[in-house]
Amino acid sequence: MTLAASLRAAALAAVALSLAACSNNAEGQVSALGTVQGLLKRAPVPKVPNPEQVAAMSAQTLAATSGPVILFALPDRKQITTLVRIETNRGYETYGSSDRRTVTLKGGMITATRGLGEDIMSVDISGVAPLIRAAREGAAYRTNRHLDGENITVAERPYCQIKIGSQSQIPLGAGSAQVTEVLESCVTDDLAYQNAYYITQGGRIVQSRQWHSPLNGYVIIQQLR
Amino acid sequence: MVRKHPVIVAGVVALAISVPVAGGSDPLLSTQTNNFGAPGGLIDMPTAEMAPEAQMSATVSAYAIGQDAQTTRTQLTFQVLPRLSATFRYSGIGGLVPSAGRPTFDTNFDRSFDLRYQIAREGPWRPAVAIGFQDFIGTGLYSGEYIVATRSLGERIRFSGGLGWGRLGSYSSFGSTGSRPDVTLGQGGIPTYDRWFRGDMAAFGGISFQATEKLSFAAEYSSDAYDREVRDGNISRKSPWNFGVSYKFSETFQLSAYSLYGDEIGLNATISFNALKPAVKGGAEGAPLPVAPRAPGSAADLGWTTDPQRPAAAIGTLATLLEREGIKIHGFQIGPQDAHIQIRNTRYDMRAQAVGRTARAMTRALPASIEIFTITQMIQGQPSGSVTLRRSDIERLENAPATEILAAATFRDGTETDQSITVMPDAFPRFEYNIGPFLRFSVFDPENPVRFNAGIQAKAKYHIAPGWTAAGSVSQKVLGDLDSVSLPGASGLPRVRSNVAFYNQTDTPTIDYLTIANYGRPARDIYSRVTLGYLERMYAGASAEMLWKPTASRLALGAEVNYVAPRDFDQQFGLRTRTTTGGTIPEWNGHLSAYYDIGYGFHGQIDAGRYLAGDWGATLSLDRVFANGWSVGAYATKTNVSSATFGEGSFDKGIKIVIPFSWGTGSPTLQKSTTVLQSLARDGGARLDVEGRLYEQIKDTHRAEMAKSWGTFWR
């Protein structure tokens, strides 16, 4: 076909398909242009919230509820928010945010996330969790499951080595706490990452940096209450 | 031989001195496409490289731009399997002289289809090897076959060398394997099997160099003599060497420039995307409700059953929770220990996700004694597939892999579970409307490859009662040139489709369809449809269909019978005469169909029966399907009409591409785009284009399809 004809067709297609449709069905509003935009767009870079804003947000959440609250940060995506515990089920605690994103923790370790993109669907940490919580050195396999581009579950089985790091005093809530740093270094064929957990004397993980996904990078969680 | 074919020697030397490749085998992936749209880093010549699986590229390449001899090729290439690549090409070659006995033209428009198969991947000491068929169906303007080997040197350099036949064996050939017939089989449109690997053969080769992540260079020695083009003055072949440079702007867009045969400059633009690489892997939609586990012992409390208000209050809570998820409650039945909810899923193309979110909401809304959850998906007001789960399993397996809840789920037919259902008051009647733009294409018309109409379309649907739907669509053209498509020549068959030009000439509002349909469930595993009215743009009448498909079955069998009357060209309320210049349009047509979910990423369908023009035959469709809803497939129809009557293109064939919008946006939606590229709009093998055929609507709610993406149940 002639170049001019294809260019003309493409331009008119873009115009026609971008016009929004009117409908009484909210689910019918997707346009072809929206689909293409979704494929091509880069997420806007949000501003890094300053410490005062974070402290104010935390104080507000702590005042509004009496249950457990965590501070949840995605440093690579410059996002930080507070999450409130909304449900527990057999030791799995689900924390939710106001913008419908959830993180499920078991003993402070991430077992699932929803709404972040490239979410962790489920994990099997029965090998590494006892070592980490007891702050004992050792090695074990863990399993992380997520959905691939076809919406099929894929499981990774990294081999993780647990090492004990240093002891330190970290600020926590109103005061501070004595914590031991426990490092979990995991390796698969494609990926290597290192999770860090800060455990109090009582065996509670009060702060951690845990690997999430290539899209989101590491997650930092601090237990505010 | 050494003097005449330096490239062969160079290739052999390169293969001999190359260092072993680290690791096992390397498929030599490339996201670049060459001047013929095939994956690879060279220019006109093929390589043994493959694109990543499920990669779809649209390539437009052109040389002699702006001149009489302008040659433009538009290609659609799809990596069907890791080792199989298919290319569909539409070329416009300027400046050619028509052959004796063939129709005359200014620009020769030609369709061609290629396949390439990678026999061997690159091993430590072995190059990757592929065989290919270029333009192997049809008039064979670009027809050629090849065997090619590609070897990489480090991460950046790839050498390729191979032997070609046909067009690829036309320059400086050194031998031959038999003689290559020149005559087109039938009237074109049939695989030219009598030519494959016959005739003169020649060697070709090339080297590609990836300078940076974005920039790459290529040089090749071409064995394509461009005989016809040189003879007619389209190009003069001053040298067998081609050179190219390619720049990758992003994963999606690439631009290349070539020096062709020392005579022309060629340009090439490629847009690529991949069915396995959505906008957001796993989706970015909001989180589901967490499962609310019951307090120990609370399941024994049946006190709520004495309160007549409790069931209604629970359903009210459930409806509010599900509303936010885009799921509507259609009907319900609540007992002391079991609950059955019929849902209308308006959002989730992954049906397992709709069922999963409903199950989660049910744990939060229903009284603790209810242990058995049954969730039925409604299609067109009738129950389709049903999933039964135990609440204890839902509570126990919320954080377990999705395969465990699949093993605990029971799939049944919706008719087995719809006793004592109370239908919600807002289920019927329901009215939906949608007003938006439309774009209608006509492609591959011999005189002008792309024509289109664009305008406004208003659609409405009125769900009157269970199974009864009235639907209509009206369009008004705003601009376009579909009306200047000229009428094709005399057809040996009644003009059932070839007079589409008359239907495109109207400037007043047109009724696309206006129907009343009844969908039924006559028995378990059986679905029925009857549609009356103005069924499609060209035909009114009645269409009746029956489908047998058990929820656990991969096989479905169907039968359809249609009574048609041709509509007036203005597509308003009138009908016109059945008499056409090719014959009388028959009143009855219909098909028996078999649908089979083959697995391994393929789906097949056979339809056999009588087509619109009264011809009898069968259509075979084979689709490459993905669990996220993508589908790329081809179909071919053979009828009892001889190729002499049918005209150019001995049988009807085409390509169908379905792209789910959720793949592009990252949020779930039921909408998808379906594109059918048909080789020709002829009268043979034509089917009625009625809306709402059963199989497409119900298959996603059955076990086989849901199990493919069951990982989305907990999403």
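Draft legend 1. Expanded view of the overall build of chain A. Summing up its helical and strand segments, chain A has four helices and 15 strands in all. Each of the 225 residues in chain A was classed as buried or not, and the buried ones make up 45%. Considering only contacts in chain A between residues 6 or more positions apart, those separated by 24 or more positions represent 36%.

Draft legend 2. Spotlight on the overall build of chain B. Of regular secondary structure, chain B possesses 11 helices and 34 strands. Against the globule reference of 27 Å for 715 residues, chain B gives a C-alpha radius of gyration of 29 Å, in line with a compact fold. For chain B, the accessible surface area stands at approximately 27900 Å², while carbon and sulfur atoms represent 61% of it. Within chain B, one finds 69 positive and 66 negative side-chain charges whose respective centroids are separated by 3 Å.

Draft legend 3. Representation of the interface of chain A and chain B within the structure. Facing the 53 residues of chain A at the interface are 71 residues of chain B. Here chain A meets chain B over a buried area of about 5000 Å², counting both sides, of which 58% is carbon and sulfur. Across the pair B:Arg364 and A:Glu87 runs a salt bridge, and its minimum N-O distance is 2.9 Å. Seen at the junction of chain A and chain B, the total is 11 residue pairs in polar contact (both at pLDDT 80 or more).

Draft legend 4. Structural context of the state of the cysteines. Residue and element names in this part refer to chain A. Evaluation of the coordinates by the stated rule reveals one disulfide over all chains. What pairs with Cys-160 in a disulfide is Cys-186, and their sulfur atoms sit 2.2 Å apart. A torsion of 110 degrees about the S-S bond marks the disulfide between Cys-160 and Cys-186 as right-handed. Here Cys-160 is found in strand S11 (residues 159-172), whereas its partner Cys-186 is found in strand S12 (residues 175-187), with 26 residues between them in sequence. Here the two residues Cys-160 and Cys-186 agree in accessibility, since each one is buried.

Draft legend 5. How the structure looks around the packing of aromatic side chains. Residue and element names in this part refer to chain B. According to the stated counting rule, one finds 30 aromatic pairs over all chains in the structure shown. Ring geometry for Trp-165 versus Phe-197: centroids 5.1 Å apart, planes at 75 degrees, classification edge-to-face. Of this pair, Trp-165 sits in strand S7 (residues 157-166) while Phe-197 is found in the loop between strand S8 (175-177) and strand S9 (199-210), placing the two residues 32 residues apart along the sequence. With a centroid separation of 5.0 Å and an interplanar angle of 75 degrees, the aromatic rings of Trp-630 and Trp-663 are classed as edge-to-face. Of the two residues, Trp-630 is situated in the loop between strand S31 (616-625) and strand S32 (631-639) and Trp-663 in helix H9 (residues 661-665); the sequence distance between them amounts to 33 residues. Here the aromatic residues Phe-113, Phe-133, Phe-136, Trp-165, Trp-196 and Phe-197 are joined through ring pairs into a cluster of three or more. Against the face of Tyr-226 rests Arg-167, its NZ or CZ located 4.7 Å from the ring centre.

Draft legend 6. How the structure looks around the pairing of strand S3 (residues 79-89) of chain A. All names here are of chain A. With six bridges joining them, strand S2 (residues 69-74) and S3 adopt antiparallel strand pairing. Within S3, the residue paired with Ile-70 across the bridge is Leu-83. For S3 and strand S4 (residues 92-96), the ladder comprises five bridges, and the chain directions are antiparallel. Bridge assignment links Asn-89 to a residue of S4, and that residue is Tyr-92. Once S3 ends, the chain turns through two residues before running back antiparallel as S4, passing Arg-90 with a positive phi of about 50 degrees.

Draft legend 7. Molecular detail of the sheet that holds strand S10 (residues 153-156) of chain A. Residues and elements named next belong to chain A. The strand order across the open sheet built from three strands is S7-S9-S10, with neighbouring strands paired in antiparallel fashion. On the outer flanks of this sheet lie strand S7 (122-124) and S10, each paired with one strand and no other. Direction aside, neighbouring strands of the sheet carry axes that sit 20 degrees apart on average. The pairing of S7 with strand S9 (residues 143-147) spans three bridges and is classified as antiparallel. Considered in S9, the bridge of Val-123 is made with Asn-144.

Draft legend 8. Representation of the sheet that holds S3(A) in the model. Residues and elements named next belong to chain A. Across the sheet, 11 strands lie side by side as S6-S5-S4-S3-S2-S15-S14-S13-S12-S11-S8; this open sheet has antiparallel pairing. Each edge of the open sheet is held by one strand with a lone partner, namely strand S6 (109-114) and strand S8 (138-141). Going from strand to strand, the sheet's axes swing by 30 degrees on average, the running direction of each strand aside. Judged from the four bridges that link them, S2 and strand S15 (residues 217-223) form a sheet pairing that is antiparallel. From the neighbouring strand, Ala-73 faces S15, where its bridge partner is Ile-220.

Draft legend 9. Fine view of the side chain of A:Gln223. Residue and element names in this part refer to chain A. On the secondary structure map, Gln-223 appears in strand S15. Given a relative accessible area of 9%, Gln-223 falls into the buried group. When residues no more than four places from it in sequence are discounted, the contact partners of Gln-223 are Pro-68, Val-69, Ile-70, Tyr-95, Leu-172, Arg-204, Ile-205 and Val-206.

Draft legend 10. Up close: the environment of B:Ile585. All names here are of chain B. Residue position: Ile-585 is located in the loop between strand S28 (583-584) and strand S29 (588-599). Residues Ile-585 and Leu-612, 27 residues apart in the sequence, show an inter-C-alpha distance of 7.3 Å. Look past the residues within four positions of Ile-585 in its chain and what remains in contact with it is Pro-494, Arg-495, Val-496, Tyr-539, Pro-566, Arg-576, Arg-578, Thr-580 and Leu-612.

Draft legend 11. Representation of the environment of B:Tyr171. All names here are of chain B. One can find Tyr-171 in the loop between S7 and S8. Residue class for Tyr-171 comes out partly exposed when judged on its relative accessible area of 27%. Residues Tyr-171 and Asp-224, 53 residues apart in the sequence, show an inter-C-alpha distance of 5.6 Å.

Draft legend 12. Here's a closer look at the pairing of strand S33 (residues 652-660) of chain B. Residue and element names in this part refer to chain B. Taking burial as the measure, the nine residues of S33 include eight buried ones, the bulk of the element. Bridge analysis of S33 against strand S34 (residues 672-678) gives seven bridges, and the strand direction is antiparallel. Residue pairing for S34: Pro-660 is matched across the bridge by Lys-672.

Draft legend 13. The arrangement of helix H3 (residues 51-64) of chain A in detail. Residues and elements named next belong to chain A. With 14 residues, H3 extends 20 Å from end C-alpha to end C-alpha; this agrees with the ideal 20 Å at 1.5 Å per step. Where H3 is concerned, the buried positions are Val-54, Ser-58 and Thr-61. The arc enclosing the buried residues of H3, seen along the axis, measures out at 65 degrees, which places them on a common side. Turned more than 90 degrees away from the buried face of H3 sit Glu-52, Gln-60, Ala-63 and Ala-64, all of them exposed. Summarising the contacts, the buried residues of H3 are in contact with S2 and S3.

Draft legend 14. Region of the structure containing the pattern of salt bridges. All names here are of chain B. For the structure on display, the rule yields 40 salt bridges over all chains. Arg-624 serves as the salt-bridge partner of Glu-53, at 2.5 Å between the closest nitrogen and oxygen. Here Glu-53, found in the loop between helix H1 (6-17) and strand S1 (55-63), pairs with Arg-624, found in strand S31; they are 571 residues apart in sequence, far enough to count as distant. Judged by its relative accessible area of 26%, Glu-53 is partly exposed. In this structure, the salt-bridge partner of Lys-708 is Glu-705, at a minimum N-O distance of 3.3 Å.

Draft legend 15. Summary view of the confidence of the model for chain B. In this model, chain B carries a mean pLDDT of 89, and residues with pLDDT of at least 70 account for 91%. Model confidence for the complex: the whole-complex pTM is 0.90, and ipTM, which rates the interface, is 0.89.

Draft legend 16. Broad picture of the nonpolar core. In terms of nonpolar packing, the biggest core is built from 41 residues, with B:Leu318, B:Trp710 and B:Phe713 touching the most fellow members. Counting residues per element, this core draws most heavily on helix H4 (residues 351-365) of chain B, which supplies seven residues. Sequence-distant contacts of B:Trp710, defined by excluding residues within four places in its chain, comprise B:Ala352, B:Val387, B:Ala402, B:Ile405, B:Leu406, B:Ala409 and B:Phe411. Counting residues in each nonpolar core, the second largest holds 29 residues, with A:Val128, A:Ile199, A:Ile205 and A:Trp211 among its members.

Calculation rules
Residues numbered from 1 in each chain as written. Chains lettered and ligands numbered in written order. Predicted model: local features only at pLDDT ≥ 70, side-chain atom pairs only at ≥ 80, totals over all residues. Heavy atoms only, no water. Helix = DSSP H or I, 4+ residues; strand = E, 2+ residues; numbered from the N terminus. Buried < 20%, exposed > 50% of the residue type's maximum accessible area, 1.4 Å probe, protein only. Contact = heavy atoms within 4.5 Å. Rg over C-alpha atoms; globule rule 2.2 N^0.38 Å. Areas by Shrake-Rupley, 256 points an atom, 1.4 Å probe, with all protein chains shown as cover. Lys, Arg positive; Asp, Glu negative; His and termini not counted. Charge placed at Lys NZ, Arg CZ, Asp CG, Glu CD. Buried area = accessible area lost by both parts, 1.4 Å probe. Salt bridge = Lys/Arg side-chain N within 4 Å of Asp/Glu carboxyl O. Polar contact = N/O pair within 3.5 Å; in protein donor to acceptor, adjacent residues only side chain to side chain. Disulfide = S-S within 2.5 Å. Phe/Tyr/Trp six-rings, centres within 6.5 Å; stacked < 30°, edge-to-face > 60°. Lys NZ or Arg CZ within 6 Å of the ring centre and 35° of its normal. Pairing = 2+ DSSP bridges. Axes fitted to C-alpha atoms, helices over the stretch in contact; angles between N-to-C directions. Expected span 1.5 Å × (residues − 1). Arc of directions from axis to C-beta. pLDDT = per-residue confidence, 0-100. Core = buried A, V, L, I, M, F, W, Y, C linked by side-chain atoms within 4.5 Å.

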